[in-house]
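Listed here are the chains, written in short residue letters.
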Amino acid sequence: MADPWQDAMDHAVALARKAGTLVRDAVQNDMKVMLKSTSVDLVTQTDQKVEKLIIESVTKKFPTHCFIGEESVAAGEACVLTDSPTWIIDPVDGTTNFVHGYPFVAVCIGFAVNKQLEFGVVYSCIEDKMYTGRKGKGAFCNGEALQVSDQRDITQSIVASEFGSTRDPEVMDKVFSTMRKVLCLPVHGLRGAGSAAINMCHVAAGSVEAYYETGIHCWDFAASAVIVSEAGGVLMDVEGGPMDLMSRRVVAANCQVIAERIVKEIDAFQPTRDDAA
Ligand code: LIP
């Protein structure tokens, strides 16, 4: 049977590439940086321009589809995932990297139907790496099939995480305490690309065994979640239940054993959910 969402996925890949060109060009130029939730939660005109470009183009082609976009939500739109075909967009994941010219910046497009993720496109535009995942059909980077690492021993692993964009001392205590515990397992190393999506693509590509973070948003990890699972990885909540796209928490790992081992070390907390009214 023909894939009902192939056309949408092809469109997402083409749009991510076009958006990536805009992002790459903007890195070379002066940019106006604005603030969102905190003084370290940055946004630029490029974030807004890229999201507009994607939404306008998708609306023309698929007029009935819905959107959850980072910048639209910041501008006051609701963040609600319904059963309708929904495009979940992070125009620039790794905005701080983008502002500083740190080369891990991704355009992310996830697509869900009946609240199930169908495909994900993550274009790491400075590196020119196009990561894609289609439910049931595998994950790829620039056309090459992705496969998670076969490591089963956490002490032989690299784990990725981020400090996030809050500087609330209580939250920072939990972030550091978790990192300390993970490091002292011990693991081979702790890494962070500065982009949730790229960290997760590194899990899919097998260069990192696991990634965890609390405080991200659905647009940061919807697209890459498909890529991880299609590369053979597992996704769960930081307390071990199933991944919840609206919960702002995720563990992505190459296998169940490593994911569960990370969960044991996490000092969990619950930020305000993305779908909180
Ligand atoms: C970023 C995430 C990163 C997280 C940052 C921020 P943005 O997304 O990818 O993992 O630590 O706080 O949320 O804001 O660049 O799209």
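Caption draft 1: A look at the domain arrangement of the chain. Domains assigned within the chain are domain 1 (6-145) and domain 2 (154-265). Every contact between the two is made by 38 residues of domain 1 and, on the other side, 25 residues of domain 2. Carbon and sulfur atoms make up 73% of the area that domain 1 and domain 2 hide from each other, which totals about 2200 Å². Together, Asp93, Leu117 and Tyr131 form the three largest contributors to the area buried by domain 1 at its contact with domain 2, with a combined 23%. Elements that contribute at least two residues to the side of domain 1 that touches domain 2 include exactly strand S3 (66-69), helix H3 (70-74), strand S4 (86-93), strand S5 (106-113), strand S6 (116-124), strand S7 (129-134) and strand S8 (138-141). Here the side of domain 1 that touches domain 2 takes 7 residues from S6, the largest share from any one element. Its residues assigned to classes, the side of domain 1 that touches domain 2 comprises 19 nonpolar, 11 polar and 8 charged.

Caption draft 2: Summary view of the pattern of salt bridges. Inspection of the entire model under this criterion finds 17 salt bridges. Here arginine 134 makes a salt bridge to aspartate 3, at a shortest N to O gap of 2.7 Å. Linking arginine 134 in strand S7 with aspartate 3 in the segment before helix H1 (6-28), this pair joins segments that are 131 residues apart in sequence. Grouping residues by exposure puts arginine 134 and aspartate 3 together as buried. Of the charged contacts in the structure, one is a salt bridge between aspartate 128 and arginine 17, with a shortest N-O distance of 3.8 Å. With aspartate 128 in the loop between S6 and S7 and arginine 17 in helix H1, this pair connects stretches of sequence that are 111 residues apart. Judged by relative accessible area, aspartate 128 falls into the partly exposed class, the value being 40%. Connected through shared salt-bridge partners, Asp3, Glu118, Arg134, Lys135 and Lys137 make up one network.

Caption draft 3: Here's a closer look at the site of the ligand. Asp93, Gly94, Thr95, Ala196 and Glu213 are the nearest of the 14 residues found near the ligand. Here threonine 95 contributes a backbone N or O atom positioned 2.7 Å from an oxygen atom of the ligand. By residue class, the composition of the shell around the ligand is 3 nonpolar, 5 polar and 6 charged. Shared between two domains, the shell around the ligand takes at least three residues from each, and those domains are domain 1 (6-145) and domain 2 (154-265).

Caption draft 4: Broad picture of the pairing of S4. For S4, a buried count of 8 out of 8 residues is recorded, marking the element as mostly surrounded by other parts of the structure. Bridge count for S3 against S4 is 4 bridges, and the pairing is parallel. Across the sheet, isoleucine 68 pairs through a bridge with isoleucine 88, a residue of S4.

Cut-offs used in this document
- Residues numbered from 1 in each chain as written.
- Predicted model: local features only at pLDDT ≥ 70, side-chain atom pairs only at ≥ 80, totals over all residues.
- Heavy atoms only, no water.
- Domains from an automatic or database assignment.
- Contact = heavy atoms within 4.5 Å.
- Buried area = accessible area lost by both parts, 1.4 Å probe.
- Helix = DSSP H or I, 4+ residues; strand = E, 2+ residues; numbered from the N terminus.
- Nonpolar A, V, L, I, M, F, W, Y, C, P; charged D, E, K, R; others polar.
- Salt bridge = Lys/Arg side-chain N within 4 Å of Asp/Glu carboxyl O.
- Buried < 20%, exposed > 50% of the residue type's maximum accessible area, 1.4 Å probe, protein only.
- Near = heavy atom within 4 Å.
- Polar contact = N/O pair within 3.5 Å; in protein donor to acceptor, adjacent residues only side chain to side chain.
- Pairing = 2+ DSSP bridges.

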